[in-house]
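This is what each chain is made of:
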Amino acid sequence: ASFQLVRGTTRDDLIELLREWTAAAESLTRGEALGTGIEPDNALLPPDDTGEAEGLHAGRLTITFGFGRELFVGDDGDSDPFGLRTQLPAAFAPLPAFAFDLLEQAQSGGALCVQACADDPQVAVHAIRNLARIAVGRAHLAWSQLGFGRTASTSREQETPRNLFGFKDGTMNIMSDESAALSDFVWAGEEAPEWMRGGTYLVARKIMMTIETWDRASLGEQERIIGRTKRTGAPVTGGDEFSQPKLGLRGEDGEPVMDMTAHVRLAHPKNNGGARMLRRGYNYVDGSNNLGQMGAGLFFISFQKDPEIFVRVQRSLKPDLMGEYIRHIGSGLWAVPRGVAKGEFVGQALFG
């Protein structure tokens with residue numbers, strides 16, 4: 001979910017909102033009702049909790065908060081609306097335009113973002129709904145996206161999930177036990193301002209898939225485009241799902257076994273200066289149009305210590321064969337502050 005601040009919101013208003021969101025997140029992630037729950041002391045008052053998650057428990061809910069660049073620099077690119085401009089990280093630059101972008105303003109950007117993940121989507125929706133209600137008068141919901149079915153695993157114990165093209169997605173994701181890789185590519189370090197150290201940057205991209213066209217492509221063509229086999233997820237150059245693709249392998253005809261513009265080849269760290277990202281995206285379906293085409297695709301989310309990592313990989317994908325079947329229609333970039341210690345509120349170090 002992405003939020004825009006209400007005109008006239010002050011620095012103190014923003015701090016108070018973050019305090020209230022932090023307190024609410026603590027209750028929500030414990031599976032507790034907000035305030036007095038669904039039954040206020042005075043029945044003439046609205047309940048403190050909207051109630052749709054009553055009885056569902058915590059559902060392993062996690063809530064991640066992010067700050068948009070407009071908290072640091074005003075719309076004119078020069079003003080300092082909340083006295084935070086000196087805290088703007090050098091790395092926090094707007095994302096450039098990319099190939100296959102057809103971005104819709106109504107599904108892009110935002111001053112604040114919240115990612116709520118749970119085993120039950122109703123628990124996640126309940127979290128966003130109540131955080132939006134708490135924000136009234138200071139921030140309003142700009143756009144939101146409900147996703148389902150992870151499109152990346154973070155542990156080898158997890159089965160690698162599939163995207164709506166039917167292929168395993170996120171096989172080469174950074175795993176939760178790869179401490180060195182997390183330090184190298186995900187968590188901001190000494191290069192960042194003090195408030196940002198231990199945090200990361202969240203990139204969100206809503207990627208529409210033209211699945212009706214894809215479904216008419218032959219299996220061989222689909223595997224050529226992706227660079228992996230559809231059933232096992234193994235590279236087309238051989239091995240099992242987790243085998244490193246042999247990018248230099250050639251067939252008896254002397255041609256590369258993996259197409260030079262296959263998605264796996266172009267996105268591979270070897271072609272991107274070793275760059276890796278932590279992916280945590282989801283599939284989505286937003287109904288269908290009057291032609292009977294599903295509004296479906298991938299809500300891509302990645303975390304990286306510097307947005308340049310994402311930019312580098314995305315630019316490498318310019319000749320991607322998969323580009324014929326996708327369009328990027330939404331985009332956002334937020335700075336995610338480090339986790340909160342007991343008694344703190346989200347982003348407290350940013351405000352001194």
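Residues numbered from 1 in each chain as written. Predicted model: local features only at pLDDT ≥ 70, side-chain atom pairs only at ≥ 80, totals over all residues. Heavy atoms only, no water.

Enquirer: Lay out the overall build of the protein chain in plain terms, naming residues and giving numbers.
Expert: Per the secondary structure count, the protein chain includes seven helices and 10 strands. Taken over the C-alpha trace, the protein chain has a radius of gyration of 22 Å; the compact-globule value for 352 residues is 20 Å, and the two agree within 12%. Structurally, the protein chain occupies a C-alpha span of about 75 × 45 × 40 Å along its principal axes. Buried positions account for 48% of the 352 residues belonging to the protein chain. Relative to all contacts within the protein chain whose residues are 6 or more apart in sequence, the contacts with residues 24 or more apart total 72%. Summed over all atoms, the accessible surface of the protein chain reaches about 17,100 Å², with 51% contributed by carbon and sulfur. Computing the positive centroid from 36 side-chain charges and the negative centroid from 46, the protein chain places the two 5 Å apart. (Helix = DSSP H or I, 4+ residues; strand = E, 2+ residues; numbered from the N terminus. Rg over C-alpha atoms; globule rule 2.2 N^0.38 Å. Buried < 20%, exposed > 50% of the residue type's maximum accessible area, 1.4 Å probe, protein only. Contact = heavy atoms within 4.5 Å. Areas by Shrake-Rupley, 256 points an atom, 1.4 Å probe, with all protein chains shown as cover. Lys, Arg positive; Asp, Glu negative; His and termini not counted. Charge placed at Lys NZ, Arg CZ, Asp CG, Glu CD.)

Enquirer: I'd like a rundown of the packing of helix α1 (residues 11–29) against helix α2 (residues 121–134), residues and numbers included.
Expert: Relative orientation of the contacting elements α1 and α2 amounts to 150°, with a least axis distance of 10 Å. Put simply, α1 runs roughly antiparallel to α2. Between α1 and α2 the crossing geometry is right-handed. On the side of α1, the interface is formed by L17, E20, W21, A24 and L28, while α2 contributes H126, A127, L131 and I134. Looking at side-chain class alone, the contact of α1 with α2 contains seven nonpolar, one polar and one charged residues. (Axes fitted to C-alpha atoms, helices over the stretch in contact; angles between N-to-C directions. Parallel < 35°, antiparallel > 145°, perpendicular 65-115°, else oblique. Left-handed = near helix turned anticlockwise from the far one by under 90°. Nonpolar A, V, L, I, M, F, W, Y, C, P; charged D, E, K, R; others polar.)

Enquirer: An account of helix α5 (residues 219–226) is needed here, citing residue identities and associated values.
Expert: Turn by turn, an α-helix covers 3.6 residues, leaving residues three or four places apart pointing in a common direction. Taken together, the buried positions of α5 are occupied by Q222, E223, I225 and I226. With its buried residues spanning 160° around the axis, α5 presents them on a single face. Contact partners of the buried residues in α5: α4 (211–214) and α6 (263–267). Positive backbone phi, approximately 95°, marks G227, located one or two places after α5. (Arc of directions from axis to C-beta.)

Enquirer: Now, about unusual backbone geometry: what can you tell me, with residues and values included?
Expert: Despite not being glycine, H57 shows a phi value in the positive range, around 65°. Tracing the chain through its elements places H57 in the loop between α1 and β2 (62–67). Within the chain, F100 stands out as a residue other than glycine whose phi angle is a positive 75°. If you trace the backbone, F100 turns up in the loop between β2 and β3 (112–117).

Enquirer: Outline the side chain of Q222, listing residues and values.
Expert: Along the chain, Q222 falls in helix α5. Judged by its relative accessible area of 5%, Q222 falls in the buried class.

Enquirer: Give me the lowdown on the nonpolar core, citing residues and values where you can.
Expert: Membership of the largest hydrophobic core comes to 90 residues, with the highest contact counts inside it found for W21, I63, F67, L71, F72, L112 and F165. In terms of residues, this core owes the most to one element, α1, which gives eight residues. With residues up to four places along the chain from it excluded, the contact list for L112 reads A1, S2, F3, L5, L14, L17, W21, G66, F67, G68, L71 and W334. (Core = buried A, V, L, I, M, F, W, Y, C linked by side-chain atoms within 4.5 Å.)

Enquirer: Which residues make up the pairing of strand β6 (residues 200–209), and what are the values?
Expert: Burial runs high along β6: nine of the 10 residues are buried. Bridge analysis of β6 against strand β10 (residues 326–336) gives 10 bridges, and the strand direction is antiparallel. Looking at β10, one finds that I207 is bridged to H328. Strand direction decides the pairing type here: β6 and strand β9 (residues 294–304), joined by eight bridges, are antiparallel. Bridge pairing in β9 places L202 opposite F303. (Pairing = 2+ DSSP bridges.)

Remember, this is a structural readout, not a statement about activity or role.
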